[in-house]
Each structure stands twice: as structure tokens, then as C-alpha cells.
Amino acid sequence: MNSNSEIQSLLEKFVLNQCTPEEINEVVAYYKKNQLTDDFPTVEDIQQLLGDMPKMNKKTADDIFMNILSASKEEETVIEMPQKKSNFRKYISIAASIVVLLGIGFFYKSSLSNKSAEKEFDFKSSDIVLQLENGDVQIISEKNTALVKDADGNIIGNQNGDKIVYENSSNPEKLVYNTIKIPYGKKFRLQLSDGTFVHLNSGTTLKYPVKFIPGENRQIFLDGEAFFDVAKDKKHPFIVNANNLNVRVLGTHFNVSNYPEDASTDVVLVEGSVGMYEADKEFDASINTVLKPGFKGTFNKGNAAISTKAVITDIYTSWINGGLTFRNMTFKNIITKLERRYNVTIVNKNEKLANEKFNASFGDESIDKVMSYFNDIHGINYTIKNDQILIK
């Protein structure tokens with residue numbers, strides 16, 4: 001390593017977390033050999049420091065290095081020393097630069113982790129979580145009554161048991177979002193600021209504005225399942241984004257099921273009308289699918305095709321009152337939905353069952369009774385111990 005360009009290249013690789021163990025050893029050995037600093041970190045220190053560091057933009061790393069190097073050259077110009085000592089000072093500056101860069105990398109890692117390394121929500125936990133736009137988290141207990149506040153401590157709603165009602169008093173200049181996450185085994189209800197009522201099923205995440213803004217669409221984002229009773233407002237369409245699908249209404253009752261294990265997103269219309277279209281396109285009633293009451297629209301996640309058929313809507317909305325329905329569903333998917341509904345762990349050792357399809361409907365039954373049904377009707381052997389079910 002005999003040139004500044006080589007040093008610069010390795011410094012960039014340090015910050016970008018791209019150095020091989022040999023290159024790390026080379027840099028450390030170089031500085032130790034020249035006895036430029038007794039405080040230079042060990043190989044283990046550097047590896048630990050850089051182990052999980054996010055990638056810094058190459059131009060940013062290069063600019064940081066050039067600024068430090070420029071500063072060291074300016075210092076050399078001001079202080080006249082013998083050539084040997086001048087080189088010694090230059091190398092000291094470069095040695096300092098690597099420590100500074102490592103420090104910048106560590107700060108960069110820390111600041112990014114605070115902003116973007118959001119802890120993944122554990123749907124098997126017992127807590128309903130309300131997350132504010134700034135990342136702050138509030139735990140919701142269905143047994144409590146509490147005020148809902150924003151990041152500045154302003155009251156924006158009220159929680160009473162398993163329901164939050166948002167106020168409609170303020171007039172914000174920009175949209176501010178809350179996100180609510182419902183764990184397995186629980187359901188929850190929201191009344192949004194426009195009066196829209198939302199029932200949230202277990203294992204569901206909903207992102208929504210604390211207050212809708214006049215002149216803009218009322219858009220929310222759903223992962224999971226929810227039933228919507230949308231407040232009528234012809235000037236402000238209500239749009240549910242379910243990943244690659246948008247569901248557009250003006251005021252109506254409908255159900256959206258958008259769980260990750262399902263090959264399709266289902267929209268069941270109880271009342272009014274619903275438009276279905278791809279999320280990256282504009283709605284056009286003349287070409288998009290418009291559902292009528294009593295119909296289900298199915299959006300194929302694989303090819304974005306939309307199909308419709310008449311259904312008994314009560315079957316698809318019975319979950320609100322504790323019901324459970326499977327229609328032409330593989331046993332593998334049924335297991336996932338049972339785990340979500342009852343917050344249990346199911347281990348299936350009968351591989352032949354996994355892709356078999358079943359139809360079944362239940363009321364507000366316990367997991368014991370549901371499994372007993374599958375055993376009685378389909379001969380599925382199982383054992384239950386605590387919250388774990390083993391299918392043999």
C-alpha cells in the first residue's frame with residue numbers, strides 16, 4: 001500500500017463494509033508497522049464496528065476522505081518541518097482520517113438504525129400496537145380507557161376498550177399517519193376522522209391518516225383483513241390500498257381480505273358500489289371492475305387479473321362476530337388462518353394433507369372444537385398441549 005489512491009480505496013471500502021479480512025489486516029499492519037498511533041483499533045474492533053453497518057454512498061465516502069485529506073495538506077503548508085517529519089505528519093493525518101471515517105461509519109450506522117431499522121412486529125405477541133408517524137409506539141389494552149395523543153402530546157382521539165375514535169377538529173396542512181397492528185387472537189375497531197368505521201381482524205396492519213385533508217382522496221393501506229363502513233363523501237373518494245390493488249368507494253359497506261399467504265385479494269361488497277383496479281393506475285369506471293352488492297371480486301396476485309362472482313356475503317363477514325369460514329382452501333392455508341385466529345402454533349407432520357382443499361364454516365368456536373370437527377369429518381389425528389397442536 002504505497003500510494004494515497006490505494007489508501008483512499010481501502011478507506012472507502014471500510015466505510016462501504018466491503019473489505020476482505022486480508023485487506024483489513026493490511027491496513028492495520030501498515031499503520032502499526034509505521035508506529036503512527038498506539039490507539040489504532042484492532043482487527044477485531046474494526047470487524048465488530050463495521051459488521052452490520054449500512055452501505056454508505058460511494059461518493060459520500062469519497063467526499064469525506066477528500067475533505068480530510070485536503071485539511072491535512074493545508075496543515076502541511078502552514079507548518080514547515082523537515083521532509084521526514086512532514087511525511088510523518090501527513091501519515092498521522094491519514095491515520096486520523098481512517099479513525100474519523102470509522103467513527104463516521106459508526107455514527108451513520110447508529111443514526112440509520114434508529115430511523116429505519118424498525119423492529120419487526122411480533123404478531124404472536126399479546127399487545128395491540130399503535131405506531132405514530134415518528135416511530136413512537138403506544139401499547140393499546142382493550143381493558144383500558146385512554147386518550148390518544150400525537151407525537152407533540154396533542155389529543156387526537158379516544159380509546160375505549162377495543163375501539164379508538166379519532167377527532168375531526170383540526171385542519172392539518174399535511175397528512176400524518178398512524179399505523180395500528182393487531183396480533184394473532186385479537187380483533188379491534190377504529191372510527192377514522194371522517195366517521196368511517198373499520199373492523200380489523202387478527203394479524204392485520206392498517207396505516208391511515210390521523211386526519212384527512214380536504215381536496216384529497218381518503219386513502220389508507222391494508223395488510224390483512226378489515227370490514228369497512230365508509231362515511232359517504234362524493235367529493236373525496238375513499239381508497240383502500242391492498243398492495244398492488246386499489247379498492248375505491250364513495251360510501252359503502254365492504255370487506256377486504258389481503259393476507260400474505262393467499263394467492264388473491266378478495267373484496268366482498270355488502271352495500272353500494274366498489275371499484276377495483278391496479279394500484280399503479282388511475283381509476284376509470286368505464287374499463288375497471290365495478291362490483292355490485294352481493295358479489296365478490298378476486299384480484300389474482302400473480303397476474304393481476306380480476307374476476308367476480310355472486311356470493312353469500314354473510315359467509316365472508318361472519319368473522320366480525322367470531323365466525324370462521326374456509327372455501328376451497330388448502331389445509332396449509334387453513335393452518336395459517338387457525339394460528340392467526342387462535343394465536344396457537346400448529347405443526348403438521350402429515351404432508352399429504354398440506355395441499356388438500358376443504359370447505360368448512362364455524363361459529364364462535366374454540367380451537368378444540370374446530371380441530372375436533374376436522375378429526376370427525378376428515379379423520380385428521382392431532383394432539384393439543386397448551387398452545388401447541390401437533391397433527392400426525
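Cut-offs and rules
Residues numbered from 1 in each chain as written. Predicted model: local features only at pLDDT ≥ 70, side-chain atom pairs only at ≥ 80, totals over all residues. Heavy atoms only, no water. 1 Å grid on protein atoms, 1.4 Å probe; cavity = no way out; pocket = protein on both sides within 12 Å on 5 of 7 lines; lining within 4 Å. Points joined across faces, edges and corners; volume = space filled by probe spheres on them. Helix = DSSP H or I, 4+ residues; strand = E, 2+ residues; numbered from the N terminus. Nonpolar A, V, L, I, M, F, W, Y, C, P; charged D, E, K, R; others polar. Core = buried A, V, L, I, M, F, W, Y, C linked by side-chain atoms within 4.5 Å. Buried < 20%, exposed > 50% of the residue type's maximum accessible area, 1.4 Å probe, protein only. Expected span 1.5 Å × (residues − 1). Contact = heavy atoms within 4.5 Å. Pairing = 2+ DSSP bridges.

S.K.: Whenever I open this one, the layout of surface pockets confuses me. Can you help?
M.R.: Picture a little ball the size of a water molecule; that probe, rolled over the atoms, points out where space is still empty. When its volume is computed, the largest pocket comes out at roughly 910 Å³. Among the secondary structure elements, those contributing two or more residues to the lining of the largest pocket are β13 (253–258), β14 (264–271), β17 (295–300), β18 (306–310), α6 (313–317), β19 (324–330) and α7 (331–342). Ranked by residue count, the leading element in the lining of the largest pocket is β19, at seven residues. Along the lines of polarity and charge, the residues of the lining of the largest pocket split into 12 nonpolar, 15 polar and 12 charged.

S.K.: Mind showing me how you'd approach the nonpolar core here?
M.R.: Within soluble globular proteins, side chains that are nonpolar generally end up buried alongside one another. Ranked by internal contacts, the top residues of the largest apolar core, which has 37 residues, are Ile180, Leu190, Phe228 and Phe254. In terms of residues, this core owes the most to one element, strand β10 (residues 218–229), which gives four residues. Listed in part, the 21 residues of the second largest apolar core include Leu324, Phe331, Phe358 and Ala360.

S.K.: So what exactly am I meant to see when it comes to α7 here?
M.R.: Three- or four-residue spacings in an α-helix give side chains the same orientation, since the helix completes a turn every 3.6 residues. Spanning 12 residues, α7 covers 16 Å between terminal C-alpha atoms, matching the ideal 16 Å at 1.5 Å per step. Looking at the buried positions of α7, the neighbouring elements they touch are β19, β20 (345–348), β21 (357–362), α8 (367–378) and β23 (388–391). Phi turns positive one or two residues past the end of α7, at Asn343, with a value near 55 degrees.

S.K.: Which parts of the structure should I look at to understand the pairing of β10?
M.R.: Along any regular strand, the residues point their side chains to alternate faces of the sheet. Pairing of strand β8 (residues 197–200) with β10, which is carried by four bridges, proceeds in the antiparallel orientation. Bridged to Val198 within β10 is Phe228. One ladder, built from three bridges, connects strand β9 (residues 204–209) with β10; its direction is antiparallel. Following the sheet pairing, Thr205 is matched in β10 by Asp223. Where β10 lies against strand β11 (residues 238–242), four bridges are found, and the strand directions are parallel. Residue pairing across strands places Phe221 opposite Asn241, the latter belonging to β11. Where β10 meets β13, six bridges bridge the pair, whose relative direction is antiparallel. Bridging from a neighbouring strand, Phe228 pairs with Phe254 of β13.

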